[in-house]
Amino acid sequence: MVPRRQEYGLKKTAGMRSGSVVNFRAAVNSGSVRRSSAVLPSVLTFLVIVASGGLLLMIEKGMLNSMETPSPRGSGRRLDLRGQAGKYGRDRLDVDVDSQILHEIRNRTIRTVCGQKNMPHSVWSLSPLQRKTLLQHILVNDQYRFLYCYIPKVACSNWKRVLKVLSGALENVDVSVKMNHHNDLLFLSSLKPEEIRYRLKHYFKFMFVREPAERLLSAYRNKFGEIQSYQKKYGVEIVKRYRKGLSKDASVAGDDVTFAEFVRYLLDEDAERMNEHWMPMYNLCQPCAVNYDFIGSHEHLESDAEFVLQRVGAPPHVHFPERQTWYKPVTTETLHYYLCSLPQKLLRELLPKYILDFSLFAYPLPNTTTEHCRH
């Protein structure tokens, strides 16, 4: 039986009030904004979603009668989804109240935006380039009948470990081995059209998302601060392009790219042809073209990953890997520092490029007002 789409959904957008974030209208109307080929929802639709975020949240709490209103600090209360037991093959599924509300709001936002006529409604309505990118990022597991669309910098390496364990290519998720991102993995792009259609229709489909600005900062710190191949391939180009007098300097190493230079580079790139580590999440997984059953988040990684593993019927001994000791999380303070250090003009120009990531996945726009950045 084809799994029904989860009525999970949308992040709290009550905090997205005028004056508390970068001026979105100025960002969209600015004559200096680079236009990409990615299809954007109407500004009106997005602003309606933003303005109604708080009301939606209140409605959710009233509609979900089995839920108790969570306290501002997060009471730790859990929601007993007894009605879902048959669907998921479990006697009981406990989901954190705040996470439940988040999923519900997110899915409602996606339905609202993706319901527009100018949005793609199937994989086959995408352009050849869009479809190629999407199919190259969807991993297949035929034994447990699921599809996972991976997004770099959103715990995708650990999910690939899980897939390799489920397929028998890896003994367990904790084995100390360098991750090969292609070997022993089946991509949807390697299948025939009829095989793709069948799996899209009958398999459980999921993806994981992350706060867009945090994901970009994570990619910047990792690729330009630690990975020499990225410094040589992208760093050298960025430095020569944006620093005066260095366009023909052969000694440029590309290991000192500033965050502002990285953002300028993103503005000049076509969203559909970007490197996958900073390509918008929307372009990678096309949530309007693929009817995902579950969209988890990096912010609720542990509980959302456990839900997915239960849902697909993974063996009890298979668990989602713990974060490695060398992992350097992007803290709220770190993100605040980098965003507030950016020239406001650059940030205003950058937001439209990633606006679908913010709006569809219900992340509030960054607050970089002068008052906020002083603290």
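The paragraphs below set out a description of the structure included in this document. Keep in mind the model is a prediction, meaning the values are calculated, not measured.

Remarks on the sheet that holds strand 3 (residues 138-141)
Taken in spatial order, the 5 strands line up as 5-3-4-6-7 in an open sheet, and their pairing is mixed. Of all the strands in the sheet, just strand 5 (186-187) and strand 7 (294-297) have a single pairing partner and so form its edges. Strand direction decides the pairing type here: strand 4 (residues 146-149) and strand 6 (residues 204-209), joined by 4 bridges, are parallel. Of the residues in strand 6, the one forming a bridge with Cys149 is Met207. Contacts from helix 5 (residues 97-114) reach strand 6 and strand 7, with the element oriented near 125 degrees to strand 7.

Notes on the packing of helix 9 (residues 212-225) against helix 10 (residues 228-242)
In helix packing, the relevant descriptors are the interaxial angle and the interaxial distance, both defined with respect to the helix axes. Between helix 9 and helix 10, whose axes approach to 8 Å, the crossing angle comes to 110 degrees. Taken as axis vectors, helix 9 and helix 10 run roughly perpendicular relative to one another. Contact residues: Lys223, Phe224 and Gly225 in helix 9; Tyr230, Gln231, Tyr234, Gly235 and Ile238 in helix 10. Partitioned by chemical class, the residues of the contact of helix 9 with helix 10 number 4 nonpolar, 3 polar and 1 charged.

A short note on the side chain of Glu349
As for its position among the elements, Glu349 is in helix 15 (residues 344-350). By relative accessible area, Glu349 is classed as buried at 3%. Within the structure, Glu349 has its side chain in polar contact with the side chain of Lys345 (distance 2.6 Å).

What to know about the side chain of Arg199
For Arg199, the location among the structural elements is in helix 8 (residues 193-202). From its side chain, Arg199 meets the backbone oxygen of Glu195 in a polar contact 3.1 Å long. Setting aside anything within four residues of it in sequence, one finds Arg199 in contact with Val140, Asp142, Leu147, Leu188 and Leu191.

Some thoughts on the pairing of strand 7
Looking down a regular strand, the side chains alternate between one sheet face and the other. Alternating residues of strand 7 divide into Phe294 and Gly296 and Ile295 and Ser297, and every residue in both groups is buried. Judged from the 4 bridges that link them, strand 6 and strand 7 form a sheet pairing that is parallel. Across the sheet, Met207 pairs through a bridge with Ile295, a residue of strand 7.

Topic: helix 7 (residues 156-167)
Between its first and last C-alpha, helix 7 extends 16 Å over 12 residues, near the 16 Å set by a 1.5 Å rise per residue. When you tally the buried positions in helix 7, you get 10 out of 12 residues, the bulk of the element. By the burial criterion, the buried members of helix 7 are Cys156, Asn158, Trp159, Lys160, Arg161, Val162, Leu163, Lys164, Val165 and Leu166. Buried residues in helix 7 make contact with strand 3, strand 4, strand 6 and helix 13 (301-311). Positive backbone phi, at 90 degrees, marks Gly168, one or two positions downstream of helix 7.

Here we look at empty space enclosed by the protein
Within this structure, the stated rule accounts for 4 cavities of 30 Å³ or more. A volume near 80 Å³ is recorded for the largest cavity. Looking at the largest cavity, the residues that line it are Pro212, Ala213, Leu216, Phe259, Leu339, Leu342, Leu347, Leu350, Leu351, Tyr354, Phe358 and Pro366. Of all the secondary-structure elements, those providing two or more residues to the lining of the largest cavity are helix 9 and helix 15. Counting residues per element, the lining of the largest cavity draws most heavily on helix 9, which supplies 3 residues.

Some points on helix 9
For helix 9, built from 14 residues, the straight-helix expectation of 20 Å at 1.5 Å per residue is met to within 8% by its first-to-last C-alpha distance of 19 Å. Across the 14 residues that make up helix 9, a large majority, 12, are buried. For helix 9, the complete set of buried residues consists of Pro212, Ala213, Glu214, Arg215, Leu216, Leu217, Ser218, Ala219, Tyr220, Asn222, Lys223 and Phe224. By the N-cap criterion, in which a side-chain oxygen at the helix start approaches the backbone nitrogen of a residue two or three places on, helix 9 is capped by Glu211, the distance to Ala213 being 3.0 Å.

As for the environment of Val177
Its location among the elements puts Val177 in the loop between helix 7 and strand 5. Since its relative accessible area comes to 39%, Val177 is described here as partly exposed. Placed 16 residues apart in sequence, Val177 and Arg161 show a C-alpha to C-alpha distance of 9.9 Å. Setting aside anything within four residues of it in sequence, one finds Val177 in contact with Arg161 and Leu170.

Cut-offs applied
Residues numbered from 1 in each chain as written. Predicted model: local features only at pLDDT ≥ 70, side-chain atom pairs only at ≥ 80, totals over all residues. Heavy atoms only, no water. Pairing = 2+ DSSP bridges. Helix = DSSP H or I, 4+ residues; strand = E, 2+ residues; numbered from the N terminus. Contact = heavy atoms within 4.5 Å. Axes fitted to C-alpha atoms, helices over the stretch in contact; angles between N-to-C directions. Parallel < 35°, antiparallel > 145°, perpendicular 65-115°, else oblique. Nonpolar A, V, L, I, M, F, W, Y, C, P; charged D, E, K, R; others polar. Buried < 20%, exposed > 50% of the residue type's maximum accessible area, 1.4 Å probe, protein only. Polar contact = N/O pair within 3.5 Å; in protein donor to acceptor, adjacent residues only side chain to side chain. Expected span 1.5 Å × (residues − 1). 1 Å grid on protein atoms, 1.4 Å probe; cavity = no way out; pocket = protein on both sides within 12 Å on 5 of 7 lines; lining within 4 Å. Points joined across faces, edges and corners; volume = space filled by probe spheres on them.

These results come straight from atomic positions and should not be treated as a statement about function.
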